[in-house]
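These are the residues of each chain, in order.
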Amino acid sequence: MNRFSMIFRRVFFAGLLLSLLMFSHMALAADVPPDVKGHWAEKEIMKGMVKGLARGYPDGLFRPDQPVTRAEFVAFVNRAFDNRATGNNSFVDVKIGDWYYNEVAAATAAGYVGGYPDGTFRPGKPISRQEVASVLSRVLNLTGSEGTLHFKDADQVGEWARSSVTALVEKGIIVGYPDQTFRPLTSITRAEAVTMINRVLAYKEGLSPKAPSLTLEPGEQEKYLGETATLTATLLDDKGQGVADKAVK
């Protein structure tokens, strides 16, 4: 093969590769749900959808600001960590035929979810922040110290969740809201859940948890959650916006 032929083949294959990359990017962009395009968590949601972690609804929407139910969250976690455990459900409100039956069974078998004292799982109930902390700390096999939580509303954290919240705080995965509260009983949205799970996956892979960048409108910043701290000690809210550059205590 002469030199001209070798150069031609290299140029041809380079062009083909570039075309494939451009096509893939265009296809991905075309699949962005209409209510996700331009959303603060668009990048994280699409990352989750590409991984198969998050799925939209039959009407083509993702509903990023809708609260996440307990059933939806365990489904997110199962997909994220490829949990294929099998088992039987003993919860009185989880029946064979429910879309979440196998999801709840798998999460229960894996040991990172439980039910309520009355024997229910309450699959349709929005999942609270302290419940999310409990699930994710078990997934990561983290155990918090007996140290004191310094949130203003720390007294609202259930004793059953305190160690889990502490563990995620100690790892820098959770830092709380800008007003120094944790709001353990507040539910999280679908966008926030996907963002949080993406960060936990990054942590598990040995990387620094990072949320997507976001430009906020004036006066909006105080609405958002404070969830991570970078290695440079820039506090980030749950949507990736820098809240303050200060020493992390």
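All values reported here derive from a predicted model rather than from experimental measurement.

Q: Talk me through the packing of helix α5 (residues 129-139) against helix α6 (residues 159-170); I want residue IDs and the actual numbers.
A: In a packed pair of helices, the relevant descriptors are the angle between the two axes and the axis-to-axis distance. Relative to each other, α5 and α6 sit at 70°, their axes nearing to 8 Å. On the basis of the axis angle, α5 is roughly perpendicular to α6. In terms of crossing hand, the pair formed by α5 and α6 is left-handed. Here Q130, E131, A133, S134, L136 and S137 of α5 come into contact with α6, specifically with W160, A161, S164, V165 and L168. Of the residues contributing to the contact of α5 with α6, the split by class is 6 nonpolar, 4 polar and 1 charged.

Q: I'd like to hear about the packing of helix α3 (residues 70-80) against helix α4 (residues 101-110), residue by residue, with values.
A: The contact between α3 and α4 brings their axes to 9 Å, and the two run at 65°. In terms of orientation, α3 lies roughly perpendicular with respect to α4. For the crossing formed where α3 meets α4, the hand is left-handed. Together, V74, A75, N78 and R79 of α3 and E103, V104, A106 and A107 of α4 make up the contact between the two elements.

Q: Run through the environment of L53, naming residues and quoting values.
A: Mapped onto the elements, L53 comes out in the loop between α2 (42-51) and α3. For L53 and F81, which are 28 residues apart along the polypeptide, the C-alpha to C-alpha distance reads 9.0 Å.

Q: Which residues make up the confidence of the model for the protein, and what are the values?
A: Taken over all residues, the pLDDT of the protein has a mean of 78, while the share at 70 or more is 70%. Taking the mean pLDDT of every element in the protein, the minimum, 38, falls on strand β1 (residues 226-229) and the maximum, 96, on α4. Low confidence marks residues 22-30, where pLDDT is under 50. Its contacts with residues over four positions away, or in another chain, come to 2 contacts. Predicted confidence for residues 210-249 stays below pLDDT 50, and this span has 99 contacts to residues more than four positions away or in other chains.

What counts, and where the lines are drawn
Residues numbered from 1 in each chain as written. Predicted model: local features only at pLDDT ≥ 70, side-chain atom pairs only at ≥ 80, totals over all residues. Heavy atoms only, no water. Axes fitted to C-alpha atoms, helices over the stretch in contact; angles between N-to-C directions. Helix = DSSP H or I, 4+ residues; strand = E, 2+ residues; numbered from the N terminus. Parallel < 35°, antiparallel > 145°, perpendicular 65-115°, else oblique. Left-handed = near helix turned anticlockwise from the far one by under 90°. Contact = heavy atoms within 4.5 Å. Nonpolar A, V, L, I, M, F, W, Y, C, P; charged D, E, K, R; others polar. pLDDT = per-residue confidence, 0-100.

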